[in-house]
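# Coordinate inspection notes
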Amino acid sequence: MRDLHVVGLEADGKFVVCADPKTGDRFRLPADDKLRAASRGDIARLGQIEIEMDSLLRPKEIQARIRSGATIEQVAADSGMAVSRVEVFAHPVLLERSQAASMAQAGHPLRHDGPAVQTLLDIVTLAFRARGHNLDDAEWDAWRDEDNKWVAQLKWQAGRTTNKAHWQFLPDGHGGTIAPLDDTAHELIDPDFGRQLRGLAPVRALAPAAADDEASQQSFDEYYGTTSDSELDAETVEIEADEAPAPEVDQPREPVARDPKPAPRPAPGHGGKDKRGKPAMPSWEDVLLGVRSSGHN
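Residues numbered from 1 in each chain as written. Predicted model: local features only at pLDDT ≥ 70, side-chain atom pairs only at ≥ 80, totals over all residues. Heavy atoms only, no water.

### As for the overall build of the protein chain
When you go through the protein chain residue by residue, the secondary structure sums to 10 helices and 9 strands. Sequence-distant contacts in the protein chain: of pairs separated by 6 or more residues, those separated by 24 or more amount to 31%. (Helix = DSSP H or I, 4+ residues; strand = E, 2+ residues; numbered from the N terminus. Contact = heavy atoms within 4.5 Å.)

### Comments concerning the sheet that holds strand β4 (residues 108-111)
A sheet is described by the order of its strands in space; here 6 strands give the open sequence β5-β4-β9-β8-β7-β6, paired in mixed fashion. The open sheet has two free edges, formed respectively by β5 (114-115) and β6 (139-144), since each of these has just one partner strand. Note: strand β7 (residues 150-158) against strand β8 (residues 161-170), 9 bridges, orientation antiparallel. Residue W150 lies in a different strand from β8, and its bridge partner there is F169. (Pairing = 2+ DSSP bridges.)

### Some thoughts on the packing of helix α4 (residues 72-79) against helix α5 (residues 83-105)
Across the interface, α4 lies against α5 with an axial gap of 9 Å and an inter-helix angle of 135 degrees. On the basis of the axis angle, α4 is oblique to α5. The chirality of how α4 crosses α5 is right-handed. Counted together, I72, V75 and A76 of α4 and V83, V86, E87, A90 and L94 of α5 form the full contact between these two elements. Across the contact of α4 with α5, the residue classes break down as 7 nonpolar, no polar and 1 charged. (Axes fitted to C-alpha atoms, helices over the stretch in contact; angles between N-to-C directions. Parallel < 35°, antiparallel > 145°, perpendicular 65-115°, else oblique. Left-handed = near helix turned anticlockwise from the far one by under 90°. Nonpolar A, V, L, I, M, F, W, Y, C, P; charged D, E, K, R; others polar.)

### Focus on α5
For α5, the principal kink sits at A90 and spans about 50 degrees; a proline, P92, occurs within the next four residues. Those residues of α5 that fall on the buried side of the exposure criterion are V86, F89, A90, V93, R97, A100, A101, A104 and Q105. (Bend = angle between axes of the 7 residues up to and from the residue. Buried < 20%, exposed > 50% of the residue type's maximum accessible area, 1.4 Å probe, protein only.)

### Observations concerning the pairing of strand β1 (residues 5-9)
When β1 meets strand β2 (residues 15-19), the two strands line up antiparallel, connected through 4 bridges. Pairing of V6 across the sheet is with C18, part of β2. Linking two consecutive strands that pair antiparallel, namely β1 and β2, is a turn of 5 residues; a positive phi of about 75 degrees is found at G13 within it.

### Focus: the nonpolar core
Within the largest apolar cluster, 23 residues are counted, with the highest numbers of intra-cluster contacts made by V124, F128, L154, W156, W167 and L188. For this core, the secondary structure elements donating two or more residues are α5, α6 (120-131), β7, β8 and α7 (183-188). Counting residues per element, this core draws most heavily on α6, at 5 residues. Aside from chain neighbours lying at most four places away, what touches F128 is H133, N134, L135, A138, L154, W156 and L188. I72, M81, V86 and F89 belong to the second-largest nonpolar core, a separate cluster that totals 12 residues. (Core = buried A, V, L, I, M, F, W, Y, C linked by side-chain atoms within 4.5 Å.)

### Notes on a nonpolar patch on the surface
Judged by side-chain polarity, W284, L288 and L289 come together as a nonpolar surface patch covering roughly 440 Å² of accessible area. Mapped onto the elements of the fold, W284 is located in helix α10 (residues 284-289). (Patch = residues over 30% accessible without salt bridge, like charges linked within 9 Å, V, L, I, M, F, W, Y side chains within 5 Å. Areas by Shrake-Rupley, 256 points an atom, 1.4 Å probe, with all protein chains shown as cover. Salt bridge = Lys/Arg side-chain N within 4 Å of Asp/Glu carboxyl O.)

### Things to note about the confidence of the model for the protein chain
The pLDDT averaged across the protein chain works out to 76; a share of 63% of its residues lies at or above 70. Ranking the elements of the protein chain by mean pLDDT puts helix α8 (residues 210-224) last with 52 and β6 first with 95. (pLDDT = per-residue confidence, 0-100.)

### Brief notes about the environment of G176
Along the polypeptide, G176 turns up in the loop between β8 and β9 (177-180). The exposure class of G176 is buried, given its relative accessible area of 2%. The spatial distance from the C-alpha of G176 to the C-alpha of A104 is 7.3 Å, given a sequence separation of 72 residues. Excluding residues within four positions of it along the chain, G176 makes contact with G107, H108, F169, L170 and P171.

### Here's the deal with the environment of T162
Note that T162 resides in strand β8. Owing to a relative accessible area of 42%, T162 belongs among the partly exposed residues under this scheme. Those residues within four positions of T162 in sequence are excluded, and the remaining contacts are K155, W156 and Q157. Here Q157 takes part through its side chain, which lies 2.7 Å from a polar atom of the side chain of T162. (Polar contact = N/O pair within 3.5 Å; in protein donor to acceptor, adjacent residues only side chain to side chain.)

### A few points about the pattern of salt bridges
Summed over the entire model, instances satisfying the criterion amount to 4 salt bridges. Here R65 and D78 are joined by a salt bridge, their closest N and O atoms 2.6 Å apart. Here the residue R65 occupies a position in helix α3 (residues 59-67), and D78 occupies one in helix α4, the gap between them amounting to 13 residues.

### So, the pairing of β7
As paired strands, β6 and β7 are joined by 6 bridges and run antiparallel to one another. Bridging across to β7, E139 finds its partner in K155. Connecting β6 to the antiparallel partner β7 that follows it, the hairpin turn spans 5 residues, and N148 within it adopts a positive phi of roughly 65 degrees.

Dropping the structure here:
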């Protein structure tokens, strides 16, 4: 490697003229930013210039895309640059986005009667607790939209579904205001945050009338081949009615004397026989008094 010494600039000032002190040969170098950084000994600037020369995207363009919500991997894939080179320019912007996301959590959501007293973080924490979610598993992020306004995002996993909520954040001296940009964000800051974010399967309509209930019960018993309790009771009543004896007709009863009197003695000449010609049976009183059936003592 030969040593050269600087002779001067060309007339247009775009090149630096150098010469070989031994041979007198002259050389020229472009007077660009790379040469200026090398002459100052600015190694960091020199390395940045080398990246800019090797890349299709300039550092400002990389930072602009990162600030708009792109990831380092996306920028590296689109530009063809190495991820390590993109990280050099993306790191300061990522810190800016993280700070904006923290400021958005301290903002106050806008409602019909003005900004809420509670912050966005407080309201979302209550909403997650009511729905059985864990806010620690959620991720906050922020970026600038096309109008150069901050957009805050909350992303969390519920089962196999990835949910995202977006708010527009306008910083001010009182913590800033929050406005929902989609239905999910609106439901999270709604005062009635206890209701489910995602509805369950629709419930079938109930039977409108009692007649439908009877038909449903009958079809149920017929389907399973069973008999309802009401039918069993009705059949039991019918069987008991058939087996019950017919009611007896009350016959007129002869009056019974309280103080029975002695039976009249048969008149003499009858021979103590009844109408059928048989000897009459003596009564109990005749036996006690010693009276024969013929009427003689």
